[in-house]
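Spelled out from the first residue to the last, the chains are:
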Amino acid sequence: TAGQAYILGVGSLFRVKRWDRLLRAVLSLKRRGLDVLARIVGSGPLRESLQQQAQALGIAACVEFLGHREDIPGLLADATFLTHTSDSEGCPNVVMEAMACGRAVVATDVGDTPTLVDHQKTGFVVPCGDDAALVERMATLIADRQLCRRMGEAARLKAEREFGVDRLVTETLTTYRAVGWKDRGSA
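Residues numbered from 1 in each chain as written. Predicted model: local features only at pLDDT ≥ 70, side-chain atom pairs only at ≥ 80, totals over all residues. Heavy atoms only, no water.

Undergrad: I tried to follow the side chain of Asp20 on my own but got confused; where do I start?
TA: Tracing the backbone through its elements, the reader meets Asp20 in helix 1 (residues 19-31). Polar contacts involving the side chain of Asp20 include one to the side chain of Arg18, which spans 2.9 Å. Not counting the four nearest positions on each side in its chain, Asp20 is found in contact with Leu50 and Gln53. (Helix = DSSP H or I, 4+ residues; strand = E, 2+ residues; numbered from the N terminus. Polar contact = N/O pair within 3.5 Å; in protein donor to acceptor, adjacent residues only side chain to side chain. Contact = heavy atoms within 4.5 Å.)

Rendered as structure tokens:
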């Protein structure tokens, strides 16, 4: 086997991030006999209640609450994949960071996530609230580490191609020029 799967979740510990959903997914994965460790990075008012929920579910030994951390790239480098279980989102930076670090992503279909993650290519996008689909997609990446690596490689390529600073600058300048802005340096 490929050994223990290390699942990373990053975000504030607020209700909208739905960490309870991740905890229930970990329970389902453990019940399937999968060896998982979920690491949750972030701080917020729900930390104590989430720790209590993990204890009540009997999964406290396979869930770590790491609090606020500055070393996200290092944590991503150690992760098997990133899971993002939010009910509401804008453009989640952590999804782009995971992809840039070559990690597959399993995420709910909220905010810009469906435009960031190419479903079945760079990870999986699951319907928000479909906890069974979330568990299935996570189990797929745990069971098929080759697929997980291929998705991570594709994610990194997409991140380099689409999320880079050069692209941002080029697209911003193109937009400005389209509305009549003239770059003084190009005259």
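Having seen it, we continue.
Undergrad: Can you walk me through the pairing of strand 3 (residues 63-67) in this structure?
TA: Each regular strand shows side chains that alternate between the opposite faces of the sheet. Burial along strand 3 is one-sided: Val63, Phe65 and Gly67 are buried, while Glu64 and Leu66, pointing the other way, are not. As paired elements, strand 2 (residues 36-41) and strand 3 share four bridges and run parallel to each other. The residue of strand 3 that forms the bridge with Val41 is Gly67. Remark: the strand 2/helix 2 (residues 47-57)/strand 3 crossover connection has right-handed handedness. (Buried < 20%, exposed > 50% of the residue type's maximum accessible area, 1.4 Å probe, protein only. Pairing = 2+ DSSP bridges. Right-handed = clockwise from strand over helix to strand, strands pointing away.)

Undergrad: How should the sheet that holds strand 1 (residues 5-10) be read in this particular structure?
TA: Paired through their backbone hydrogen bonds, the strands of a sheet run either parallel or antiparallel. Reading across the sheet, the six strands line up as 3-2-1-4-5-6 and stay open at both edges, with parallel pairing between neighbours. Of all strands in the sheet, those with a lone pairing partner are strand 3 and strand 6 (123-126), marking the two edges. On average, each strand axis in the sheet is inclined to that of its neighbour by 20 degrees, with strand direction left out of account. Summarising the sheet, strand 4 (residues 81-84) and strand 5 (residues 104-108) pair through four bridges and their orientation is parallel. What sits directly across from His84, in strand 5, is Ala107. Strands in contact with helix 4 (residues 93-100) are strand 1, strand 4 and strand 5; relative to strand 4, the strand with the most contacts, it is inclined by about 165 degrees. (Axes fitted to C-alpha atoms, helices over the stretch in contact; angles between N-to-C directions.)

Undergrad: Quick question: what am I supposed to make of the packing of aromatic side chains here?
TA: The geometry of an aromatic ring pair comes down to the distance between the two centres and the angle between the two planes. Within the structure shown, the criterion is met by zero aromatic pairs. Sitting over the face of the ring of Tyr6, Arg39 holds its NZ or CZ atom 4.5 Å from the ring centroid. (Phe/Tyr/Trp six-rings, centres within 6.5 Å; stacked < 30°, edge-to-face > 60°. Lys NZ or Arg CZ within 6 Å of the ring centre and 35° of its normal.)

Undergrad: In this structure, what is going on with the nonpolar core? I would like to understand it.
TA: Soluble globular proteins: nonpolar side chains tend toward being buried together. Counting residues in each nonpolar core, the largest one holds 35 residues, and the members touching the most others are Phe81, Met138 and Leu141. The contact partners of Met138, leaving out residues within four places of it in the chain, are Ile7, Leu22, Ala25, Leu29, Phe81, Thr83 and Val106. Within the second largest apolar cluster, 21 residues are counted, among which are Leu8, Val41, Val94 and Val125. (Core = buried A, V, L, I, M, F, W, Y, C linked by side-chain atoms within 4.5 Å.)

Undergrad: Please clarify how the layout of surface pockets should be interpreted in this entry.
TA: Its boundaries defined by the atoms lining it, the largest pocket holds a volume of some 150 Å³. If one sorts the elements of the lining of the largest pocket by residue count, helix 7 (residues 145-162) sits on top with four residues. (1 Å grid on protein atoms, 1.4 Å probe; cavity = no way out; pocket = protein on both sides within 12 Å on 5 of 7 lines; lining within 4 Å. Points joined across faces, edges and corners; volume = space filled by probe spheres on them.)

Undergrad: So what exactly am I meant to see when it comes to the environment of Arg21 here?
TA: Relative to the assigned elements, Arg21 resides in helix 1. Residues Arg21 and Leu134, 113 residues apart in the sequence, show an inter-C-alpha distance of 8.9 Å.

Undergrad: Quick question: what am I supposed to make of the pattern of salt bridges here?
TA: A side chain of one charge can pair with a side chain of the opposite charge if their charged atoms are brought near each other. Inspection of the entire model under this criterion finds 14 salt bridges. Asp87 is the salt-bridge partner of Arg21, the closest N and O atoms lying 3.0 Å from each other. Highlighted residues: Arg21 in helix 1 and Asp87 in the loop between strand 4 and helix 4, separated in sequence by 66 residues. Residue Asp87 is classed as partly exposed on the basis of its relative accessible area, which comes to 31%. Asp71 is paired through a salt bridge with Arg69; the nearest N and O atoms lie 2.9 Å apart. Taking the relative accessible area as the measure of exposure, Asp71 reaches 32% and is therefore partly exposed. Since its relative accessible area comes to 29%, Arg69 is described here as partly exposed. Taken together, the shared-partner salt bridges connect Arg18, Asp20, Arg21, Arg24, Asp87 and Asp131 into one network. (Salt bridge = Lys/Arg side-chain N within 4 Å of Asp/Glu carboxyl O.)

On their own, these measurements won't tell you what the molecule is for.
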